[in-house]
Amino acid sequence: MSDDHYLEGQLLLAMPGIGDPRFERAVILVCQHSAEGAMGIIINRPFQRLSVAELLQQLEVDPPEEFEHTLVHAGGPVEPSRGFVLHSAEYSQPSTLKVTDTIALTATLDILRDMAAHHGPAQSLVALGYAGWAPGQLDKELTRHGWLSAPATGAIVFDAPIEQKWSRAMTSIGIDVRMLSGEAGHA
């Protein structure tokens, strides 16, 4: 990353009262951020009724049993039928985007086939859709205090229980979520 103000490899944490219910308490891994815009995957919004096994069956890939209870995430409102896999970086294909030293993103059917055949990454999160920002849009949102940023770690992205990702990410940057309010003050 050539410019320090770009947030590639960081987590975006929605502040209370962000004003958009699609992003309330959202944790987004920023996969790309440049002068051309930004894109990321929401990592704490699973579909309640779509497992990775069901998604694999829809794609005519035989799912292993361990994906029966693993939920697909709603990665964001943009292109909600497009699939993405956030995964540990030891797995790579030519199309894989390295997000951090330990986290990567792949958006091909081949990674799902590899996962089904037990040749995929050690850790993964499957999502449909992504969050996207036009040039300069995310930068403006950051100045309006709708978002905080935190370092992305595998512990938060892959290991933390879904309902704890937001609070754990906030805690990682020293924020006590009990002290946050969705109301803005005026002097």
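Located above this text is the structure these notes cover.
Residues numbered from 1 in each chain as written. Predicted model: local features only at pLDDT ≥ 70, side-chain atom pairs only at ≥ 80, totals over all residues. Heavy atoms only, no water.

On the secondary structure map, asparagine 44 appears in the loop between β3 (37-42) and β4 (46-51). Overall, the relative accessible area of 9% leaves asparagine 44 in the buried class. Here the side chain of asparagine 44 touches valine 27 through a polar contact of 2.9 Å, landing on its backbone nitrogen. Sequence-distant contacts of asparagine 44, that is, excluding residues within four places in its chain, are made with Arg25, Ala26, Val27, His73, Ile162, Lys165 and Trp166. (Helix = DSSP H or I, 4+ residues; strand = E, 2+ residues; numbered from the N terminus. Buried < 20%, exposed > 50% of the residue type's maximum accessible area, 1.4 Å probe, protein only. Polar contact = N/O pair within 3.5 Å; in protein donor to acceptor, adjacent residues only side chain to side chain. Contact = heavy atoms within 4.5 Å.)

Moving on to the nonpolar core. Membership of the largest hydrophobic core comes to 25 residues, with the highest contact counts inside it found for Leu11, Leu29, Ile41, Ile43 and Leu86. The set of elements that each furnish at least two residues to this core consists of β1 (10-14), β2 (27-34), β3, β6 (78-88), β8 (103-106), β9 (124-133), α4 (154-159) and α5 (165-172). The contact partners of isoleucine 43, leaving out residues within four places of it in the chain, are Leu11, Val27, Leu29, His73, Leu86, Leu125, Ile156, Val157 and Lys165. Membership of the second largest hydrophobic core comes to 16 residues, among which are Val52, Tyr91, Met115 and Leu128. (Core = buried A, V, L, I, M, F, W, Y, C linked by side-chain atoms within 4.5 Å.)

For the rest of this paragraph, the subject is the pairing of strand β5 (residues 71-74). Consecutive residues of a regular strand have side chains that alternate between opposite faces of the sheet. By the bridge criterion, two bridges tie β4 to β5 in an arrangement that is antiparallel. Across the sheet, the residue bridging to serine 51 is leucine 71, located in β5. Sheet topology note: the β5/β9 ladder contains two bridges and is parallel. Residue pairing in the sheet places alanine 74 in a bridge with leucine 128 of β9. (Pairing = 2+ DSSP bridges.)

Our next topic: the packing of aromatic side chains. Two numbers describe a pair of aromatic rings. These are the distance of the centres and the angle of the planes. Scanning the model with the defined rule gives three aromatic pairs in all. Judged by centre distance (5.7 Å) and plane angle (70 degrees), the ring pair of phenylalanine 23 and tryptophan 147 falls under edge-to-face. Placement of the pair is phenylalanine 23 in the loop between β1 and β2 and tryptophan 147 in strand β10 (residues 147-151), with a sequence separation of 124 residues. Overall, tryptophan 147 belongs to the buried group, its relative accessible area being 5%. Aromatic side chains tryptophan 133 and tryptophan 147 sit 6.3 Å apart centroid to centroid with 85 degrees between the ring planes, which places their arrangement in the edge-to-face category. Of the two residues, tryptophan 133 sits in strand β9 while tryptophan 147 sits in strand β10, which places them 14 residues apart along the sequence. Neither residue differs from the other here; tryptophan 133 and tryptophan 147 are each classed as buried. Clustering of aromatic rings is evident, with ring pairs tying together Phe23, Trp133 and Trp147. (Phe/Tyr/Trp six-rings, centres within 6.5 Å; stacked < 30°, edge-to-face > 60°.)

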